[in-house]
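Fold and contact review
This is what each chain is made of:
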Amino acid sequence: MKINLIIFLSVMFFPFNLLAQQNSVNVSGIMKEKATGETLPFVNIILKKQADSLFVAGTISNDNGLFTISNVKPGDYLLEVSYIGLKKYSTPLFVGSNSKYINIGLILLEEEAKTLGEVVITGSQAAVNGKMDKKTYTVDDNVSQSGGSVLQSMNNLPGVTAMDGQVQLRGNNQVVVLLDGKQTAITGFGNQNGLDNIPASAVQKIEIINNPSAKYDANGNAGIINIVLKKEEQKGLNGKIGLSSGLGALWIRKGNLPDIRPQYRATPKINPSLSLNYRKKKVNLFLQADNLYTHTLNKNEFVTRTYDDGTLIKQQLKRNRNTNFFTSKAGLDWFLDDKNTLTVSGLFSNESIKDYGDQPFFNGDTGESLRLWQFLEDEVLTAAMASVLFDHKFPQPGHKLNIGFNYTFDREDEKYFFTNTRPSFTTDESFFLIADQKVADFSLDYTKPMKHGLLETGLKFQRRIIPTDMQFNPSADNSVLDTGADGKATYKETIPALYGNYTYEVKKLEAEIGLRLEYVDLKYEVDPNHNTYQSDGYTYLQLFPNARISYKINAQNKLSAFYNRRVDRPDEVDIRIFPKYDDAEIIKVGNPGLQPQFTNSFELGYKNSRDKGYFYGAAYHRISNGTITRIATTVDSTNLIYNISQNAGKSYNTGIEIVIDRELSGKINMNLTLNGYYNRINAFTVVNQYPVENTFTSEEQKIYSGNIKLNTNFKFWKNAEAQLTAIYLAPDIVPQGKIDQRFSLDLGIKKSVQKGKGELFFSATDLLNTMVIKKDIRGNSFSYTSDDYYETQVIRIGYSYKL
């Protein structure tokens, strides 16, 4: 631990190259003569700096009296209007940082000068934006994770950690992951999934939204991560091709227990990618395609289980994984005219996963072999989504209407074959699972810039159906499968929602208030022959408000306060009634009686901006009722552990996040992120139904935890730069236990070649091979410790070329 901290504190690291601040906006209005009410074409409109009256921009109104001034930077201005026969007038004009558009509204010209009053025009900025509710990062600039997956790339982002294939925001995994602003089967409609297999090469940017407005679905109390795929729109033929490859598991970190197959070593990875667009006149065709093929030592976990009766078991779970993930997005933008655009697109993915696993069990006292479980898990996940989006722009800039429809179909096709070898017998068994998910959603979004802000409103309707069919294939004798627990079940979810959100801004003050009305009807229909569970579900009609108020102390300093109410709805896999035997003695089972988790969030943020960097700090507090988690229990003398979804009661998450970004010189840029939090789960008691009714009681759990990320970007000669990233994760709470501290060090180098058209990169993750997952779990009559030496160290090289 001391060595890790010394290394961490003595090395300077590279920050993510944040997207450039969007510091230009459009201002518009309509000119009319007051006496007659007629619109006035050819009115002269001039924008000047308020401090020295220097000319900034000018325009004239069109035949309908409408005018637009584009690319106005934030600041204080004077707006001057003149027209032959009518008096000139001027009005102070403030350009803020909240919206890209402002509608001054109707300007009536008369003989006497009329002061329009202060007008607020706002722009948007990236990274920690002006509202302090969103951070935005480009993936291509995350050099230390080049060639990897989007999950690996997100693990380096401030405030984000990754564990068990999912991301956490501020120590909380209740995160909704969107793809191009939409929930998809690829990233999950409820729980996160697939992030470790989406190539980062397909992604343009990642947006982290800690305090979502009412415009977003209410799901996800920790926040939203929006993954934006690459899409070119330039005229003519444009694009980018790339190829990366790598090796992982370069040496054995901990050797196998006796009598099992070897661990994967020198695991290959290859990722070709292609991004194209062709735009001519009114049509833009686009294509994005990636294929990620990897071998991975996906799991190498060593567990020691201790039972109250003195039984001691030592075991290992090793998974050698082969994965091929193909994803593509194609479509066209049809610019019907200057005001109307129709976009038709399709998203297709196919993920093939084969796990070759070994799980030996030994008596911890005598060394006697108790069981050898060997398996092949063959899973194919296929997803297709068709989207139609109509975009209408009104004459006033920023005034628009979006209508969209999406239909998704995805299939989970899993076949699991295992050989169970005991001292007295050997059996070969299997189970097959088919789950077809069909999702249709319709959305309508209306946006209108106002004189002092922005109005957003709309509606969404979503219908989701998932029929599942689990088939157990037991052996004739000594079967471990619970043959009365397979069968069929159907998940049906209907969610209509309405929302409204209004942002108001004047020179010193910003305010935002929103409200989302959401109705949910969930029905889970269970096969009447199931030996434990019956059909269940829930309905609710709930309001989800959000609020923000910000005070601009001066041009460099700003305070913001936030409130959000959100929900975490149980996903289908949390409810799924079929026991899953992908671990021989830890069996996962869902719970159709699971209820939604509701969370109230409070946050206070502060930002100080400077020419060569910024400081951002936030204090946050979340209170959750009906916390969704998994509870591990034993119920008989078999020593089997059943891991079952449950609502654990009330939990709390309180913390502080600090981001410091500083340009140390023209060659070095540093970014430091500190996140410290206090997690607490109240004592609770639950009743599990599977495999037989049993009661579990947990004492209060609490811990102080956090993480540190320190990054430095070095720019070298001849268009070369390097990134060094360190991550320290403090001990934290996991269900029924704790996870130990973790540390990793990553390196990346890239160089521009071929006059800027080509780029070479090299990256290496977990240079010191220190990332090990260590857990300590306490159950009702047992405890266990685990150390997972899964593959974390990967070296990659790659090349890309702009067409």
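Structure: see above.
Everything in this summary refers to the structure shown in the same document. Note that the structure is a prediction, hence the values are computed from the model and not measured. (Residues numbered from 1 in each chain as written. Predicted model: local features only at pLDDT ≥ 70, side-chain atom pairs only at ≥ 80, totals over all residues. Heavy atoms only, no water.)

Right, let's talk about the overall build of the protein chain for a bit. Tallying secondary structure elements over the protein chain gives three helices and 45 strands in all. Scaling as 2.2 N^0.38, a compact globule of 803 residues should have a C-alpha radius of gyration of about 28 Å, and the protein chain matches this with 29 Å. Seen along its three principal axes, the alpha-carbon backbone of the protein chain occupies a region of about 105 × 60 × 50 Å. When each of the 803 residues of the protein chain is scored for burial, the buried share is 55%. At a minimum sequence separation of 6, the contacts of the protein chain that also span at least 24 residues come to 69%. Per element, the accessible surface of the protein chain, about 33,200 Å² overall, is 56% carbon and sulfur. (Helix = DSSP H or I, 4+ residues; strand = E, 2+ residues; numbered from the N terminus. Rg over C-alpha atoms; globule rule 2.2 N^0.38 Å. Buried < 20%, exposed > 50% of the residue type's maximum accessible area, 1.4 Å probe, protein only. Contact = heavy atoms within 4.5 Å. Areas by Shrake-Rupley, 256 points an atom, 1.4 Å probe, with all protein chains shown as cover.)

Relative to the helices and strands, Lys552 is located in strand E26 (residues 536-552). Beyond its immediate chain neighbours, meaning those up to four positions away, Lys552 contacts Phe94, Gly96, Glu505, Val506, Lys507, Lys508, Glu510, Asn557 and Lys558.

Turning our attention to a positive patch on the surface. A surface patch of like charges, here positive, comprises Lys100, Lys339, Lys393 and Lys400. Along the chain, Lys393 turns up in strand E20 (residues 369-393). (Patch = residues over 30% accessible without salt bridge, like charges linked within 9 Å, V, L, I, M, F, W, Y side chains within 5 Å. Salt bridge = Lys/Arg side-chain N within 4 Å of Asp/Glu carboxyl O. Lys, Arg positive; Asp, Glu negative; His and termini not counted. Charge placed at Lys NZ, Arg CZ, Asp CG, Glu CD.)

This brings us to the pattern of salt bridges. Within the structure shown, the criterion is met by 43 salt bridges. The salt bridge involving Glu412 is made with Arg576; its shortest N-O contact spans 3.2 Å. With Glu412 in strand E21 (residues 400-421) and Arg576 in the loop between helix H3 (572-575) and strand E28 (586-589), this residue pair connects regions lying 164 residues apart in the sequence. Here Glu572 ties to Arg576 by a salt bridge, and the two come within 2.7 Å at their closest N and O atoms. Arg576 matches Glu572 in its accessibility class, with the two residues each being buried. Each of Asp217, Lys460, Arg464, Glu493, Arg516, Glu518, Arg569 and Asp571 takes part in salt bridges that share partners, so that together they form one network.

Okay, the sheet that holds strand E9 (residues 134-138) next. Strand pairing in a sheet takes place through backbone hydrogen bonds and is either antiparallel or parallel in direction. As summarised here, the arrangement of the four strands in space is E9-E13-E14-E12, forming an open sheet in which the pairing is mixed. Edge positions in the open sheet fall to E9 and strand E12 (175-179), since each of these has one partner strand only. Shown here is a sheet whose adjacent strand axes are inclined to one another by a mean of 15°, direction ignored. Examined bridge by bridge, E9 and strand E13 (residues 203-209) share five bridges and lie antiparallel to one another. Within E13, the position partnered with Thr136 by the bridge is Glu207. (Pairing = 2+ DSSP bridges. Axes fitted to C-alpha atoms, helices over the stretch in contact; angles between N-to-C directions.)

Next up on the list: the sheet that holds strand E32 (residues 641-647). Strand order across the open sheet formed by three strands is E28-E32-E31, with mixed pairing between neighbours. This sheet does not close on itself; its edge strands, each paired only once, are E28 and strand E31 (628-633). Looking at each pair of strands side by side, their axes are set apart by 30° on average, direction ignored. Here six bridges tie E31 to E32, and the two strands are oriented antiparallel to one another. Bridging from a neighbouring strand, Ile628 pairs with Asn647 of E32.

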